[in-house]
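Observations on the model geometry
Listed here are the chains, written in short residue letters.
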2 protein chains.
Amino acid sequence: MLHPAQAGLFAGMASSHVVHGERFRGRRLGMKATAYERLRNSAREIALLGSTASVLGWDQETYMPGGGVDYRAKQIAWLSARAHAQFTGTGFRRLLDAAEKEVAKGNPLGRANVREWRLDLERAVRIPTALVAEETETAARAKQAWAEARKRSDFGLFAPHLESILRIARKKAALWGYPDEPYDALLAGYERGTRTRDVAVLFDGLRPRLAKIARRAVKKSGAVSPGVLRGRYPVEKQHQLNREVAESIGFDFERGRIDTTAHPFCTTLGPSDVRLTTRYDVSDFTSSLFGVLHEAGHGLYEQGLPVEEFGAPAGSAVSLGIHESQSRLWENHVGRSEVFWDRWLPRARELFPNLRRVEAGDFLRAVNRAEFSFIRVEADEATYDLHILLRFDLERRLLSGELEVGGIPDAWNAGFEELFGLTPPDAARGCLQDIHWSMGGLGYFPTYTLGNLNAAQLFRTAMQERSVASGFRAGDYGPLLAWLRTSVHAKGATLSPRELVKKATGRVPAPADYLAHLEKRFA
Amino acid sequence: MLHPAQAGLFAGMASSHVVHGERFRGRRLGMKATAYERLRNSAREIALLGSTASVLGWDQETYMPGGGVDYRAKQIAWLSARAHAQFTGTGFRRLLDAAEKEVAKGNPLGRANVREWRLDLERAVRIPTALVAEETETAARAKQAWAEARKRSDFGLFAPHLESILRIARKKAALWGYPDEPYDALLAGYERGTRTRDVAVLFDGLRPRLAKIARRAVKKSGAVSPGVLRGRYPVEKQHQLNREVAESIGFDFERGRIDTTAHPFCTTLGPSDVRLTTRYDVSDFTSSLFGVLHEAGHGLYEQGLPVEEFGAPAGSAVSLGIHESQSRLWENHVGRSEVFWDRWLPRARELFPNLRRVEAGDFLRAVNRAEFSFIRVEADEATYDLHILLRFDLERRLLSGELEVGGIPDAWNAGFEELFGLTPPDAARGCLQDIHWSMGGLGYFPTYTLGNLNAAQLFRTAMQERSVASGFRAGDYGPLLAWLRTSVHAKGATLSPRELVKKATGRVPAPADYLAHLEKRFA
């Protein structure tokens, strides 16, 4: 049959849910809605539009036939434009002005929501529509040019587009304003309340210690055969194992699922609908498994946000650096630990007979093998951050004007040699490898390393609880998840990333726990 | 990683596609847009909202986790409400008024679009929002009550809800107006320009002949073992065959796909994105195959509509009776023919070894087996329409007031006995079997039989073309599809269903070809 909606069976029926604006959530009978309540409803509606766009985006990556791409872009653009218009329109601003007065003496949650909305709105309205349009068009062209440039390993094809991206980024930074340097303004979009110079101090401190750990880890890994895990791992059995593992760490399949895409990701389609994706390598099951652990870490955070605050800051993830802390914690601190494989290697051996001839010790060394490689997304725990330090340094210099676009390939290779002792053989495996710049995502990279630092600090603190530690040793991750739920997830974006970490761990974000973790792992 | 949209990488970027209202398609430089152009853009936007809701509906049926259901309903309701508001708002009406004057001397396509929009709008605005709201709520409760009533086979649980549905349907019919009887107004929602009395004359003529054909077919089928096709048919191999068959009849997988759902359907998510679904019975591969042929028939129609007119009547299917003609044509006239299986049985035997011991003649008799059964959706070609005649008769009497809700079970059973010579053992296998009434879909059923009549008349005419007939005999369906593309699909809704059939076949819709087809098939 035709789908009921298409057959006209629902024609006009659904339209009775008049959900526009303040009617989106009914007022309490006989009471006038406060400005805060009306603001909250408008934000709910904006979130509904955003989450609808996420459904469309998820479908595009997972199942959409190729022919659908042009129209899908229009559908997503409409939703984005409508959400943007509502957020930056006079109605929302007036309600926000009024709500600020109301909540001044109200509950802290309302105050936090209003404070964050104000910050978001101030950022949004400073960028004129014409500049947003210019950026979209520039990024669309740049993304195509980047793909072609990477394929041919020819930076010259991408350079003029990156010039435009950089020019727009500088313009935006100037419009947003910044305390010290233009990079602050971009970084703040991903990691609110974080200054470039603080990140630089942190990273400068990390650099020599990380480089030393990485060198030692790589040297030590020379004894581990990279081929020990190679075998035949049917996709369905990998999926089975991944699902069992995701369930065991607490991912709720009643409120989420796992699909397959070219590049793994996590996306939220509604307060109780979180989708993960992974990709399968039939000769190495750990690729999809660690992908799922990573994405499930993001997913657990999303599933743990307060449902009733969906669409408000109190129901949203606070920053990329905190988001990444959750994915890294489950992927690396849990998934690459000895006790994790004490539990899961026997199960993996049931599903994959060829693992029966791999000893537990060799297996663990193989999943913790370190080597210097050119590609960030393939890097192991010991060397990953070196890739980030390089990018942060280049981006910061680009923004300040110290480095020109034309100088990137040389600067990249020089920086890479210094950190890794290797020279990228071509631009494709060098400065052209990442998609981020082509999408205008300058300022994004440092959040990966901030995530690693946060993961270690949070994990170490959680493990000081006896129940967490004993659960962890027994393969029961309920207490660890409960600790993260309370200390991180339930907070939404009511605290800054720094405040959140301080409140959860008693200390501001610092590199000590992360370095200690790496030292121990690669000792 | 987080999906780029969620990670803020696209924040603000997509919003530059300012696609609201008249800016949705850019004006030609230096020229003022005509009212028709602006109306067309508004309709495009409404279609974009509708197709976005279709993505959400498709996901809900195929992949959405259970937890997502409440929020998904809100997302779909928002889109429906927004589309309804735009269509029935003063802006659209004013443009329509102005466009009517413009196109009076314009091209026929513009005139047809404007004429159909006017008809749709007149229907939409006659139903006050309060009544739409009442219907939605009533239907939501009725659907739940129906599911429970069917489970317990207790009509009394559903009756009060059906009373409300009927009361609303009568009210709507009165508001819409009708030439002869209230049923006209409901039927017109699915089959524009079709009067109840004409359908009644058609059906009255069919009844005795159909009953005779059915009796003979059932008697003859007594010799065919129903178990001849039973076997083990792995789902992946069924999917493989279905895909090959769908491709061979012209379904374009670059612009569509097939997924699995509890109830098969076809839905359009965009001008180049048509999704089919089917369900699998591992002991009988023909269940999913005929399901796919049926849905692909719908899908070929949707893929054949003029892409550039997507969202306008000229780019939309004209009626359910024409839509069903396309699904029935491919399912029955093609898929149950001898020449079809001359080509496909060898392939099926490659995939399913147990078919190797089934002879071609037995196979064909098995897929054309007829029997009297209680459930419409499981009925074969010979008996299907008897189920429809029964429902049409009851619905018409309900609307006119001749039959009361409380009298349905007895009237159903009496009518069923008369047509089938059997008494339903309970209400679940009797008057509670269909979902349609619970959703307010009174007036829908006759379109199934109109579809059968149209299918036969269109197929017979197409086969008078030498290329179509010789292609059909050789298993090449290109010429048949090309004929349908030109005669049916390309017309969109620019003609009434009756005009369309007349133009395509030289005759108004009549039962002769259908009866001749059934006579021959079950001779």
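Worth saying up front: this structure is predicted, and the values here are computed from it rather than measured.

**So, the overall build of chain A**
- Of regular secondary structure, chain A possesses 20 helices and 3 strands.
- Against the globule reference of 24 Å for 523 residues, chain A gives a C-alpha radius of gyration of 24 Å, in line with a compact fold.
- Counting only C-alpha atoms, chain A reaches 75 × 55 × 50 Å along its principal axes.
- Put simply, chain A has 523 residues, and 48% of those count as buried.
- Considering only contacts within chain A whose residues lie at least 6 apart along the sequence, 68% involve residues at least 24 apart.

**What to know about unusual backbone geometry**
- Phi is positive for Ser 153 of chain A, which is not a glycine, with a value near 55 degrees.
- As for its placement among the helices and strands, Ser 153 of chain A is situated in the loop between α5 (129-152) and α6 (155-176).

**As for the sheet that holds strand β2 (residues 266-270) of chain B**
All names here are of chain B.
- Taken in spatial order, the 3 strands of this open sheet run β1-β3-β2, and their pairing is mixed. In the strand order of this sheet, the two ends are held by β1 (256-260) and β2, each with one partner. Ignoring which end each strand starts from, the neighbouring axes of this sheet average 25 degrees apart.
- The sheet strands contacting helix α1 (residues 35-62) are β1, β2 and β3 (273-278), and the helix crosses β2 at an angle near 135 degrees.

**With respect to the packing of helix α1 (residues 35-62) of chain A against helix α3 (residues 90-103) of chain A**
All names here are of chain A.
- Where α1 contacts α3, the two axes come as close as 8 Å, and the packing angle between them is 135 degrees. One way to sum up the angle between α1 and α3 is to call them oblique. In this structure, α1 meets α3 at a crossing whose hand is left-handed. Contacts between α1 and α3 involve Ala 35, Tyr 36, Arg 38, Leu 39 and Ser 42 from the first element and Gly 91, Phe 92, Leu 95, Leu 96, Ala 98, Ala 99, Glu 102 and Val 103 from the second.
- Taken together, the residues that form the contact of α1 with α3 break down as 9 nonpolar, 2 polar and 2 charged.

**Remarks on the environment of Asp 180 of chain B**
Residue and element names in this part refer to chain B.
- Here Asp 180 shows up in the loop between α6 (155-176) and α7 (182-187).
- Given 11 C-beta atoms within a 10 Å radius, Asp 180 is considered exposed.
- As a C-alpha pair, Asp 180 and Thr 196 span 16 residues in sequence and 8.0 Å in three-dimensional space.
- Among residues more than four places away in sequence, those in contact with Asp 180 are Arg 195, Thr 196 and Arg 197.

**Observations concerning the pairing of strand β2 (residues 266-270) of chain A**
All names here are of chain A.
- Across the 5 residues of β2, 5 count as buried, placing the element largely inside the fold.
- The sheet contact formed by β2 and strand β3 (residues 273-278) spans 4 bridges and is antiparallel. By the bridge assignment for β3, Cys 266 is matched with Leu 276.
- Adjacent in sequence and paired antiparallel, β2 and β3 are bridged by 2 residues.

**What about the environment of Ser 496 of chain B?**
Residues and elements named next belong to chain B.
- Within the secondary structure, Ser 496 sits in the loop between α18 (478-487) and α19 (497-505).
- By C-beta crowding, Ser 496 is classed as partly exposed, having 17 other C-beta atoms within 10 Å.
- Leaving out residues up to four positions away in the same chain, Ser 496 has contacts with Arg 192 and Gly 193.

**Considering the sheet that holds strand β1 (residues 256-260) of chain A**
Residue and element names in this part refer to chain A.
- The strand order across the open sheet built from 3 strands is β1-β3-β2, with neighbouring strands paired in mixed fashion. The sheet terminates laterally at β1 and β2, the two strands that pair on one side only. Taking the axes of each pair of neighbouring strands and ignoring which way they run, one obtains an average angle of 25 degrees across the sheet.
- As defined by bridge partners, β1 adjoins β3 across 5 bridges and the pair is classed as parallel. Pairing of Arg 257 across the sheet is with Arg 275, part of β3.
- Across the face of the sheet, α1 comes into contact with β1, β2 and β3 while running at roughly 135 degrees to β2.

**Looking at the nonpolar core**
- Ranked by internal contacts, the top residues of the largest apolar core, which has 254 residues, are Ala 296 of chain A together with Ala 296 of chain B.
- Other than its neighbours up to four places away in sequence, Ala 296 of chain A contacts Ala 246, Ile 249, Phe 251, Leu 276 and Trp 330 of chain A.

Reading guide: rules and limits
Residues numbered from 1 in each chain as written. Chains lettered and ligands numbered in written order. Predicted model: local features only at pLDDT ≥ 70, side-chain atom pairs only at ≥ 80, totals over all residues. Helix = DSSP H or I, 4+ residues; strand = E, 2+ residues; numbered from the N terminus. Rg over C-alpha atoms; globule rule 2.2 N^0.38 Å. Buried ≥ 20, exposed ≤ 12 C-beta atoms within 10 Å, placed from the backbone. Contact = placed C-beta atoms within 7 Å. Pairing = 2+ DSSP bridges. Axes fitted to C-alpha atoms, helices over the stretch in contact; angles between N-to-C directions. Parallel < 35°, antiparallel > 145°, perpendicular 65-115°, else oblique. Left-handed = near helix turned anticlockwise from the far one by under 90°. Nonpolar A, V, L, I, M, F, W, Y, C, P; charged D, E, K, R; others polar. Core = buried A, V, L, I, M, F, W, Y, C linked by C-beta atoms within 7 Å.

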